[in-house]
Amino acid sequence: MKTYKLSAIVLFIFGVLFTVQSNAGTDEKLLQKMYEEEKMSYDLYTEFFNRWGLKIFDQVRESEAIHMQRINALMGVKELPQGTGLSGGDKGLYENKDIQALYDEYTVLGNISDITALETAALMEENGISNLRERIKAQTDDRTIKIFAQMERASRNHLKGFVKSLKLSGVEYQPAVLSQSDFDMIINNVTEKGTALK
């Protein structure tokens with residue numbers, strides 16, 4: 001079985017990713033950034049599904065759409081400007097220039113092969129888990145903590161799904177963001193269930 005190792009281009013993108021996904025800032029800036037991050041995932045998984053026809057991309061993009069809706073709802077509760085993006089008219093377009101650059105780079109990777117699309121998706125979910133954990137620590141509002149925690153749980157399930165798909169294709173994915181022990185715990189755990197996001 002082939003072991004996955006990060007290529008130079010993925011390492012470059014990985015560096016950009018951490019620059020983009022700062023966990024600090026006001027509620028408005030953080031939630032706007034998170035909305036665009038979820039939109040980026042939705043747009044990419046839609047593109048990967050259309051390109052490669054793998055069912056997992058279709059399944060996970062539906063979850064990302066729910067995350068976008070929940071972040072929007074949270075913005076509404078906090079009386080903040082809400083995002084748009086599920087209509088399809090602004091696919092692949094972002095106000096945050098760093099997220100735009102990241103989307104463009106991920107699109108290139110995801111169109112190389114179905115394997116690189118799955119590897120890219122796994123890396124995205126790893127980073128999402130890491131960032132959500134840090135963002136949860138910075139919150140004091142119970143509603144926000146609950147929504148972020150449910151999004152993190154969903155990302156753990158997404159990561160498991162992408163890693164499983166890679167394994168079925170003969171690729172052993174190695175974590176790039178999470179520690180090996182944390183990664184193993186997620187992968188070896190049963191699929192997590194919980195109450196729907198509200």
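See the structure above.
Below is a summary of the structure that appears in this document. Please read these numbers as outputs of a predicted model, since none were measured by experiment. (Residues numbered from 1 in each chain as written. Predicted model: local features only at pLDDT ≥ 70, side-chain atom pairs only at ≥ 80, totals over all residues. Heavy atoms only, no water.)

**Considerations on the packing of aromatic side chains**
Okay, so step 1: Applying the stated criterion to the full structure yields 6 aromatic pairs.
Okay, so step 2: Geometrically, the ring pair formed by Tyr45 and Phe162 is tilted, given 5.4 Å between the ring centres and 50° between the ring planes. Highlighted residues: Tyr45 in helix α2 (residues 27-52) and Phe162 in helix α6 (residues 142-168), separated in sequence by 117 residues.
Okay, so step 3: By relative accessible area, Tyr45 is classed as buried at 0%.
Okay, so step 4: Ring geometry for Tyr94 and Tyr103: centres 5.4 Å apart, planes at 55°, overall tilted.
Okay, so step 5: On the basis of relative accessibility, which here comes to 9%, the residue Tyr94 falls in the buried class.
Okay, so step 6: Through successive ring pairs, a cluster of aromatic residues spans Tyr45, Phe48, Phe57 and Phe162.
Okay, so step 7: Over the ring of Trp52 we find Arg51, and its NZ or CZ is 4.1 Å from the ring centre. (Phe/Tyr/Trp six-rings, centres within 6.5 Å; stacked < 30°, edge-to-face > 60°. Helix = DSSP H or I, 4+ residues; strand = E, 2+ residues; numbered from the N terminus. Buried < 20%, exposed > 50% of the residue type's maximum accessible area, 1.4 Å probe, protein only. Lys NZ or Arg CZ within 6 Å of the ring centre and 35° of its normal.)

**Observations concerning the nonpolar core**
Okay, so step 1: Core analysis: the biggest nonpolar cluster contains 30 residues, and Met40, Tyr45, Phe57, Tyr106, Leu159 and Phe162 have the highest contact counts within it.
Okay, so step 2: For this core, the secondary structure elements donating two or more residues are α2, α3 (55-77), α4 (97-110), α5 (114-137), α6 and α7 (180-188).
Okay, so step 3: Of the residues forming this core, the biggest block, 8 residues, is contributed by α5.
Okay, so step 4: With residues near it in sequence (within four places) discarded, Leu159 still touches Ala122, Glu125, Glu126, Ile129, Leu178, Phe183, Ile186 and Ile187.
Okay, so step 5: In this structure, Leu74, Leu80, Leu132 and Phe148 belong to the second largest nonpolar core, which totals 16 residues. (Core = buried A, V, L, I, M, F, W, Y, C linked by side-chain atoms within 4.5 Å. Contact = heavy atoms within 4.5 Å.)

**What about the pattern of salt bridges?**
Okay, so step 1: Counted under the stated rule, the structure contains 9 salt bridges.
Okay, so step 2: Glu47 is the partner of Lys91 in a salt bridge, and the nearest nitrogen-oxygen pair spans 3.3 Å. Placement of the pair is Lys91 in the loop between α3 and α4 and Glu47 in helix α2, with a sequence separation of 44 residues.
Okay, so step 3: Owing to a relative accessible area of 37%, Lys91 belongs among the partly exposed residues under this scheme.
Okay, so step 4: Ionic pairing is found between Arg156 and Glu152, a salt bridge with its closest N-O pair at 2.6 Å. You can see Arg156 and its partner Glu152 sitting in helix α6, 4 residues apart, about one turn around the helix.
Okay, so step 5: Here Glu152 falls in the buried class, since its relative accessible area comes to 9%.
Okay, so step 6: One salt-bridge network, in which partners are shared between bridges, spans Arg133, Glu152, Arg156 and Asp182. (Salt bridge = Lys/Arg side-chain N within 4 Å of Asp/Glu carboxyl O.)

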